[in-house]
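Tertiary structure, described
One letter stands for each residue in the lines below.
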Amino acid sequence: MLAFLLTLMLLLGIVIVLAYAERKVAAFMQDRLGPTEAGPYGSLQSVLDVLKLLQKEDIVPAAADKKLFKLAPILIFAAVFAGFAVIPFTPELIPASIGIGVFYLLAIISLDVVGLLMAGWGSNNKYAMLGAMRSVAQIVSYEIPAGLAILSVVMICQSLDFQEISYQQGILLNRFPGLEFEKNWLFGIEALGINTTNIGGITTWNIFRAPLLLVAFVIYFIASLAESNRAPFDIPEAESELVAGFHVEYSGFRFAVLFLAEYSMMVLVSLVAVILFLGSWNTPLPNLTTLKFADWTTGTIGSLSGILWGGFWLLSKTFVLLFLQLQIRWTYPRLRVDQLMHLCWKVLTPVALGVVLLAGIWRLLMV
Amino acid sequence: MEKSSVQHKTGFWEVVKSLLSGLLLTWRHFRNADKRRAPVPVMDDNYFKQPEGLVTLTYPYEAIPVPENGRYRLHNEIDDCIVCDLCAKICPVNCITIESVKATEEIGVTSDGTKKRLYAPVFDIDMAKCCYCGLCTTVCPTDCLTMTPVYDFAEVDIKNMIYHFTDLTPEQAEEKKQLLQKQQEEMAAAKAAALAARKQQ
């Protein structure tokens, strides 16, 4: 229960910051000022937006399927929020430490699709229905390359446990029960003879430990943009052309929940990308001979310093990825629906399948 | 000149390069966000030479100064006005309404030395009708009617768009009218008396 509340608070905080950052970053990239009036530099803007939404009337259309309509936002948010249960925030701190975290996450996130369809169908509005169908088609399609990219990580790490995958990517490798005698080699090639187990830092991140995973990371990142309906894959709710996608009929608190779910999804996919590819809560600074940067910036497990350093690195890496998501939104034009499907089925999926195959061979020969 | 066709770039690395250059472009704009465009007027040499930084001006707090010969809200300096009615006559949209009352004696002089002989109980300019042509300011003999740099004067009630420039209260105006009437009656009486005196001769 405590983990639930803490995670919810953390998530709300991040989403508020993200919503403000989105507006400011968008403004700066387009040579505008963005919010300036509410609080210093407009920093209270997103708080006020939330307060405004909470005050609004909760409109349920007369023709709507009321049960589905009312339940959908909660289901969508619950599905995304449940994914946070297996995210390790620090070496010690994980809301639910279960051995099949990756599998659970992929499964629970897919429930999101049901909520989207409920919202679209329950609204009893053809535009909401079309928006929901587009969203669902997109999310279901892009789950395949994303899932394959994650699968290649799982094959190389030989674990479905997020915490174990995290431990493998840093100097604390041997502290994880069962990994006491594991070793990390530079680029994962033992023949090079450079043992990076105690060097840590960026050299033991998954994208360096197995350079093949860099490709998987790019695939996962593109697919995760599409999964969270972000530009350049935001056809279902193209803001400049459409009023909204599946959530046209929602207002007030229910809309706020949908909005929160959308931003939580962004945060979640970024967190997963960081954990699986970018070293999780491990520091990016390596130990260099006498300069023990990695030791200094890791802290001690079990003490406050370990928690603070772990949380700091995980969240700062996540924010870098979130910034990249925002920047991509304001850089690239939207893909047409056929281009979207072309990219998914004819480019990303075959490449991801190839990566999975190579990851298997890599695992057999290298590590 | 020979026409050169645009080379269509293809291939994986070209695409990656163009994607990265796009990201670089937005990143450059993001990095320049600490610079602001200075609110300089169009006459300034730097007006067209500010390619970097945010372009938005927070309008009520900062604004681009208007050119000196810009045509915005009218202002009449009633102390200098000789109530010649030229502005009302030339106005293409009839937005100036003037009523004049002859003074019984000389009222005074304007700042350029012209004598004032008329009161203006009504001198109204309807800025809602005004077309900002500036003709009234060119014909004004004493240069008392001018265009000011004020352009932000929207009103909720359209009646407030009528600007009253008279310096007389209605009572004072009535008094001046009475005075004029009295003087005219006296003059008429004197004239009649003179006429009668001539007839008797």
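Residues numbered from 1 in each chain as written. Chains lettered and ligands numbered in written order. Predicted model: local features only at pLDDT ≥ 70, side-chain atom pairs only at ≥ 80, totals over all residues.

**Some words on the overall build of chain B**
In terms of regular secondary structure, chain B is built from four helices and seven strands. Taken from the N to the C terminus, the helices and strands of chain B come in the order α-β-α-β-β-β-β-α-β-β-α. Over its C-alpha trace chain B gives a radius of gyration of 31 Å, far above what one expects of a compact globule, namely 17 Å for 201 residues. Counting only C-alpha atoms and orienting by the principal axes, one finds that chain B spans roughly 120 × 45 × 30 Å. The buried share of chain B, reckoned over its 201 residues, is 12%. The long-range fraction of contacts in chain B, counting pairs at least 24 apart against all pairs at least 6 apart in sequence, stands at 66%. (Helix = DSSP H or I, 4+ residues; strand = E, 2+ residues; numbered from the N terminus. Rg over C-alpha atoms; globule rule 2.2 N^0.38 Å. Buried ≥ 20, exposed ≤ 12 C-beta atoms within 10 Å, placed from the backbone. Contact = placed C-beta atoms within 7 Å.)

**Focus on the overall build of chain A**
Looking only at helices and strands, chain A has twelve helices and two strands in total. Put simply, chain A runs from its N terminus to its C terminus through helices and strands in the order α-α-α-α-α-α-α-α-α-β-β-α-α-α. Whereas a compact globule of 367 residues would reach a radius of gyration of roughly 21 Å, chain A reaches 21 Å, a difference of no more than 12%. Here chain A holds 367 residues, and the buried ones make up 44% of them.

**Some words on the interface of chain A and chain B**
Every contact between the two is made by eleven residues of chain A and, on the other side, eleven residues of chain B. Broken down by element, the side of chain A that touches chain B gets its largest block of residues, three residues, from helix 1 (residues 2-29) of chain A. Grouping the amino acids of the side of chain A that touches chain B by side-chain chemistry returns six nonpolar, three polar and two charged. (Nonpolar A, V, L, I, M, F, W, Y, C, P; charged D, E, K, R; others polar.)

**As for the pairing of strand 5 (residues 118-126) of chain B**
Residue and element names in this part refer to chain B. As paired elements, strand 2 (residues 96-102) and strand 5 share six bridges and run antiparallel to each other. Note that in strand 5 the partner of I96 across the bridge is I125. The pairing of strand 5 with strand 7 (residues 162-164) spans three bridges and is antiparallel. Its bridge partner being in strand 7, D126 is matched across the sheet by I162. (Pairing = 2+ DSSP bridges.)

**What to know about the UniProt feature "transmembrane region" (unreviewed entry) in chain A**
Here, the residues flagged by UniProt with the feature "transmembrane region" (unreviewed entry) are residues 71-90, 102-121, 207-226, 255-281, 301-324 and 345-365 of chain A. Structurally, residues 345-365 of chain A is divided into 100% helix and 0% strand, and its ends, taken at the C-alpha atoms, are 30 Å apart. (UniProt positions renumbered as here; feature names shortened; annotations may be inferred.)

**Some thoughts on the sheet that holds strand 2 of chain B**
All names here are of chain B. If you trace the three strands from one edge of the open sheet to the other, you get 2-5-7, paired in antiparallel fashion. The sheet is open, and its two borders are formed by strand 2 and strand 7, each paired with just one other strand. Put simply, the sheet's adjacent strands are angled 15° from each other on average, direction ignored. Against the sheet, helix 4 (residues 170-200) engages strand 2 and strand 5, with an angle of about 45° to strand 2. (Axes fitted to C-alpha atoms, helices over the stretch in contact; angles between N-to-C directions.)

**As for the UniProt feature "coiled-coil region" (unreviewed entry) in chain B**
Following the UniProt record, the feature "coiled-coil region" (unreviewed entry) maps to residues 173-200 of chain B here. Within the segment residues 173-200 of chain B, helix and strand shares are 100% and 0% respectively, and the terminal C-alpha atoms sit 40 Å apart.

**Concerning the confidence of the model for chain B**
Predicted confidence across chain B gives a mean pLDDT of 88, with 96% of residues reaching 70 or more. Both scores are given for the predicted complex: the pTM is 0.85, the ipTM 0.84. (pLDDT = per-residue confidence, 0-100.)

**Considering the nonpolar core**
Grouped together as the largest cluster of nonpolar side chains are 94 residues, with contacts concentrated most on A149(A) and A273(A). Considering every element that reaches this core, the biggest residue donor is helix 9 (residues 252-277) of chain A, with 18 residues. Counting residues domain by domain, this core receives three or more from each of domain 1 (1-55) and domain 2 (56-365) of chain A. Discounting chain neighbours no more than four positions away, the residues touching A273(A) are F217(A), Y220(A), F221(A), S224(A), L278(A) and L321(A). Of all hydrophobic cores here, the second largest spans 19 residues; its members include V83(B), C87(B), V101(B) and A120(B). (Core = buried A, V, L, I, M, F, W, Y, C linked by C-beta atoms within 7 Å. Domains from an automatic or database assignment.)

**A closer look at the packing of helix 8 (residues 212-227) of chain A against helix 9 of chain A**
All names here are of chain A. Interhelical geometry of helix 8 versus helix 9 gives an angle of 170° and a closest axis separation of 10 Å. Viewed along their axes, helix 8 and helix 9 adopt a mutual orientation that is roughly antiparallel. On helix 9, the residues that touch L213, F217, Y220, F221, S224 and E227 of helix 8 are V269, A273 and F277. (Parallel < 35°, antiparallel > 145°, perpendicular 65-115°, else oblique.)

**A closer look at the domain arrangement of chain B**
Taken domain by domain, chain B comprises domain 1 (12-65) and domain 2 (74-178). The gap between the C-alpha centroids of domain 1 of chain B and domain 2 of chain B is 46 Å.

**Thoughts on unusual backbone geometry**
Of note in the backbone geometry, N124(A) takes a positive phi value of approximately 55° without being a glycine. Positive phi outside glycine occurs at D85(B), with the angle close to 75°. Within the fold, D85(B) resides in the loop between strand 1 (74-76) and helix 2 (86-90). For D85(B), a count of 14 C-beta atoms within 10 Å puts it in the partly exposed group.

**Observations concerning the domain arrangement of chain A**
All names here are of chain A. Under the domain assignment, chain A is made up of domain 1 (1-55) and domain 2 (56-365). Once you take the C-alpha centre of each, domain 1 and domain 2 turn out to be 21 Å apart. With 18 residues of domain 1 at the contact, the number on the domain 2 side is 16 residues. Within the residue set of the side of domain 1 that touches domain 2, elements represented by two or more residues are helix 1 and helix 2 (45-55). No other element matches the twelve residues that helix 1 contributes to the side of domain 1 that touches domain 2.

**Looking at helix 1 (residues 12-31) of chain B**
Between its first and last C-alpha atoms helix 1 of chain B spans 28 Å; for 20 residues at 1.5 Å apiece the expected length is 28 Å, and the two agree. Of all 20 residues in helix 1 of chain B, two are buried, a share of ten percent or less. (Expected span 1.5 Å × (residues − 1).)

**Some words on the environment of S135(A)**
Residue and element names in this part refer to chain A. Relative to the elements of secondary structure, S135 occurs in helix 5 (residues 126-157). Accessibility expressed as a C-beta count within 10 Å gives 24 for S135, which makes it buried. Along the chain, S135 and L117 lie 18 residues apart, while their C-alpha atoms are 8.8 Å from each other. Every residue in contact with S135, bar those within four places of it in the chain, is listed here: L116, N229, P236, G245 and F246.

**Focus: helix 5 of chain A**
Helix length check: helix 5 of chain A (32 residues) gives 46 Å between terminal C-alpha atoms against 46 Å at 1.5 Å per residue, within 8%. Of all the bends found along helix 5 of chain A, the most pronounced is centred on E143(A) and spans about 30°, while P145(A), a proline, follows it within four residues. (Bend = angle between axes of the 7 residues up to and from the residue.)

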